[in-house]
Amino acid sequence: MKLLAFFALTLFSLPCIAQTATIKFMPGIGEEPNGYRTEFALSVNGKPLKIKDSLPQKIHLAKKGFDRCTAIIGKDTLHFLAKFRKDEKYIVQPGCCCSFFILKPENNPQRGTVSFTNNTKESLLLIAGEANIEEVAPDETKTEFTYESAMCTFKPCSIVIAKTAYNDPKYDYDGNGKDYDTLWAEQEKYIVDGVWFHFMHGEKITAELNEATGKITLKPDGYLSRREHQKFYTE
């Protein structure tokens, strides 16, 4: 009887064992060439990480769904979702002109895709990573590969659904002295909703728009195969 109770307790406890990965911070994050320093903080699933510690730090992964991350850069706060893998090793290093930091797995990092099915009665825009824009007609599905700057490939990616007026050429920067602050504030009014996801393992993500609330929900849809990744990357 005691033996049976032991096995029952063991089986009950197995799903409760937390899955973990590790993150290591590389030198130089927040340090500018002119000596100026920007304060930086990063937490994963509510646990703050020690930015100045160069040793690998353990992170506990979400039992289901996505991992929730928060980055504080100076006075700005960025909340983004990610899907860390069990026992994987990750590194955080300084970014470049278009990203304050880069977060990626040590082994085989890959960008992914976001898909959107437009269930509304008007055309909408799927915008991934700011520069990748697809117009999606009613009842149509579009998939966008999340290209980023070649120097800052593995930074959090914005996923936005917007009205088509968002893509009016008058909002494009052409250096002619227009009042872009006013124009871009106007452009933002056409955003329906936006979320941030950090692609690291070739994730395939589906963005669903709740028409009643105007909110985006992200759902995992597997990972890109080697052939799929090469197809998107070379097109």
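Notes on the structure in this doc start here. Just so you know, the residues in each chain are numbered from 1, in the order the chain's sequence is written. Side-chain atom pairs in this predicted model are given and counted only at pLDDT of 80 or more, local residue features only at pLDDT of at least 70, and totals for whole chains, interfaces and linings cover all residues. Where side-chain values are given, they derive from all heavy atoms of the structure, hydrogens and water being excluded.

## Here's the deal with the side chain of E203
A run of DSSP states H or I qualifies as a helix once it reaches four residues; a run of E qualifies as a strand once it reaches two. Both are numbered from the N-terminal end. Looking at the element boundaries, E203 is found in strand β15 (residues 203-210). R85 provides the closest opposite charge to the buried, salt-bridge-free E203, at an N-O distance of 6.4 Å. Polar contacts, as counted here, are pairs of nitrogen or oxygen atoms within 3.5 Å of one another; within protein the pair requires one atom able to donate a hydrogen and one able to accept it, and residues that are adjacent in sequence qualify only if both atoms are side-chain atoms. At 3.0 Å, the side chain of E203 forms a polar contact with the backbone nitrogen of H201. Setting aside residues up to four positions removed in sequence, E203 forms contacts with K83, Q110, G112, T113, F197, H198, G222 and Y223. Categorising residues by exposure relies on relative accessible area from a 1.4 Å probe, with only protein chains included: less than 20% of the type maximum marks a residue as buried, more than 50% marks it as exposed, and the intermediate range marks it as partly exposed. None of His or the chain ends enter the tally, which takes Lys and Arg as positive and Asp and Glu as negative. Salt bridge, as applied in this entry: a Lys or Arg side-chain nitrogen positioned within 4 Å of an Asp or Glu carboxyl oxygen. Contacts are assigned to residue pairs that have any heavy atoms within 4.5 Å of one another.

## Some thoughts on the sheet that holds β15
Strands qualify as paired when DSSP identifies two bridges or more between them. Taken in spatial order, the four strands of this open sheet run β12-β9-β15-β16, and their pairing is mixed. The open sheet has two edge strands with one neighbour each: β12 (141-145) and β16 (215-223). Within the sheet, the average angular offset between the axes of one strand and its neighbour, ignoring direction, is 25°. For helices, the fitted axis covers only the stretch in contact; all axes are lines through C-alpha atoms, and the angles between them, taken along N-to-C directions, range from 0 to 180 degrees.

## Remarks on the packing of aromatic side chains
The rule is short: rings of Phe, Tyr and Trp, with Trp giving its six-membered ring, pair when the centres are within 6.5 Å, and they are stacked under 30 degrees, edge-to-face over 60, tilted in between. Taken as a whole and judged by the stated rule, the model has nine aromatic pairs. Between F40 and F101 the ring centres are 5.2 Å apart and the planes differ by 40°, which places this aromatic pair in the tilted class. On the criterion of sequence distance, the pair formed by F40 in strand β2 (residues 40-44) and F101 in strand β8 (residues 101-105) is long-range, its members being 61 residues apart. With respect to class, F40 is no different from F101; both count as buried.

## With respect to the pairing of strand β5 (residues 67-73)
Two strands pair when backbone bridges link them, and β2 and β5 are joined in this way by five bridges, in the antiparallel orientation. In the sheet register, A41 faces β5, and the bridge partner there is I72. In this sheet, strand β6 (residues 76-82) lies alongside β5 in antiparallel orientation, the contact comprising seven bridges. Opposite A71, over in β6, you have L78 as the bridge partner.

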